[in-house]
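# Residue-level structural notes
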Amino acid sequence: MPFSTSDGVRLWTATTGTASTEPTRPPVVILHGGPGLWDDHEVLAEMLDDLTVVHRFDQRGCGRSGPSDTQSMARSAQDVDELRAYFGHERIVVLGHSFGASLAMAYAASYGDHVAGVVYLDGVGVGDWRTAYHEERARRITPEQDARLEELSGRPRSQAEEIEFRALSWFTDHADRERAMEWAYASASVDLPINFAANRALGAVGRVPDDELTARAATIQAPVTFVHGDGDPRPAWAVRDLAEHVPNHTFHLIPDAGHSPWLEQPELVREVLRGAVR
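Scoring rules and cut-offs
- Residues numbered from 1 in each chain as written.
- Predicted model: local features only at pLDDT ≥ 70, side-chain atom pairs only at ≥ 80, totals over all residues.
- Heavy atoms only, no water.
- Pairing = 2+ DSSP bridges.
- Helix = DSSP H or I, 4+ residues; strand = E, 2+ residues; numbered from the N terminus.
- Axes fitted to C-alpha atoms, helices over the stretch in contact; angles between N-to-C directions.
- Contact = heavy atoms within 4.5 Å.
- Core = buried A, V, L, I, M, F, W, Y, C linked by side-chain atoms within 4.5 Å.
- Buried < 20%, exposed > 50% of the residue type's maximum accessible area, 1.4 Å probe, protein only.
- Parallel < 35°, antiparallel > 145°, perpendicular 65-115°, else oblique.
- Left-handed = near helix turned anticlockwise from the far one by under 90°.
- Nonpolar A, V, L, I, M, F, W, Y, C, P; charged D, E, K, R; others polar.

### Here we look at the sheet that holds strand S4 (residues 28–31)
In a beta sheet, neighbouring strands pair by backbone hydrogen bonds and run either parallel or antiparallel. Pairing is mixed across the open sheet formed by seven strands, whose spatial order is S3-S5-S4-S6-S7-S8-S9. The sheet terminates laterally at strand S3 (13–16) and strand S9 (249–254), the two strands that pair on one side only. Each adjacent strand pair in this sheet contributes to an overall mean axis angle of 15°, direction not counted. As paired elements, strand S6 (residues 92–97) and strand S7 (residues 115–121) share six bridges and run parallel to each other. Across the sheet, residue Leu95 finds its bridge partner in S7, namely Val119. The strands that helix H2 (residues 73–86) touches are S3, S4, strand S5 (54–57) and S6; relative to S6, the one it contacts most, it runs at about 140°.

This is the structure in structure tokens:
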């Protein structure tokens, strides 16, 4: 069902489940990663929508949503709040994955009165996480694969090359090395364009100084559930360091799981997510 924001951008949305009569089971809004990608979290919604109503959407300029020259964390957080009001909810749980985890924290810091809880699912945390990420990524990719990725990055690509480019970019995120490329190709084959302009713009504004991030985190009064796969190349210590600044938080390290831990440990992730919603 499409929704138009206050500045006229049409957002693609999907809703499953039924609003709970239990006040301890607030509605959930899922925020996808990227930035510049699209919602592919139907499996997460299915883990929760027997408990409450779950909303998903493609962020502005991304996936099935309409184009937008405006790309900022503040505007994206405003979109979330406009969706909350449109769906008629006073308070919501924001469940963000990867970049969506950063957006969830930004939303909670700016719109705290409307936040019942936050799930920070395999975000990046604080500190020099990038060095550890690139070192681990280098261990998971062969020189031949890396050279091919570099070659594909520097020129226009056919449809088949675009899928190959995405798979080579994403397969190192998975802990299970035997199935990593299979999962990467499944994600890469989605017939939607990556918004690289949004990726650059939001990636730049996402480089917030650590002291600003931790100060913002300290203002969040809603419970924040941190979930991180121990096989995610983005280091868990960086997320733990961020979590320590949140007054009311829990931290769950998912064993033998990567950046999308629901693929490798679905039952563990399901249990944690349901606990966060309850």
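Next comes the rest of the description.
### Focus: the nonpolar core
Counting 37 residues, the largest nonpolar core has Met105 and Phe226 as its most contacted members. Within the residue set of this core, elements represented by two or more residues are S4, H2, S6, helix H3 (99–110), S7, strand S8 (224–229) and helix H10 (236–243). At eight residues, H3 tops the list of elements feeding residues into this core. Residues Val28, Val54, Ile254 and Val269 belong to the second largest nonpolar core, which totals 21 residues.

### Structural notes on the packing of helix H6 (residues 159–170) against helix H7 (residues 180–188)
Where H6 contacts H7, the two axes come as close as 8 Å, and the packing angle between them is 135°. Relative to H7, H6 is oriented oblique. In this structure, H6 meets H7 at a crossing whose hand is right-handed. Contacts between H6 and H7 involve Ile163, Glu164, Arg166, Ala167, Leu168 and Trp170 from the former and Met181, Ala184, Tyr185, Ser187 and Ala188 from the latter. Taken together, the residues of the contact of H6 with H7 sort by class into eight nonpolar, one polar and two charged.

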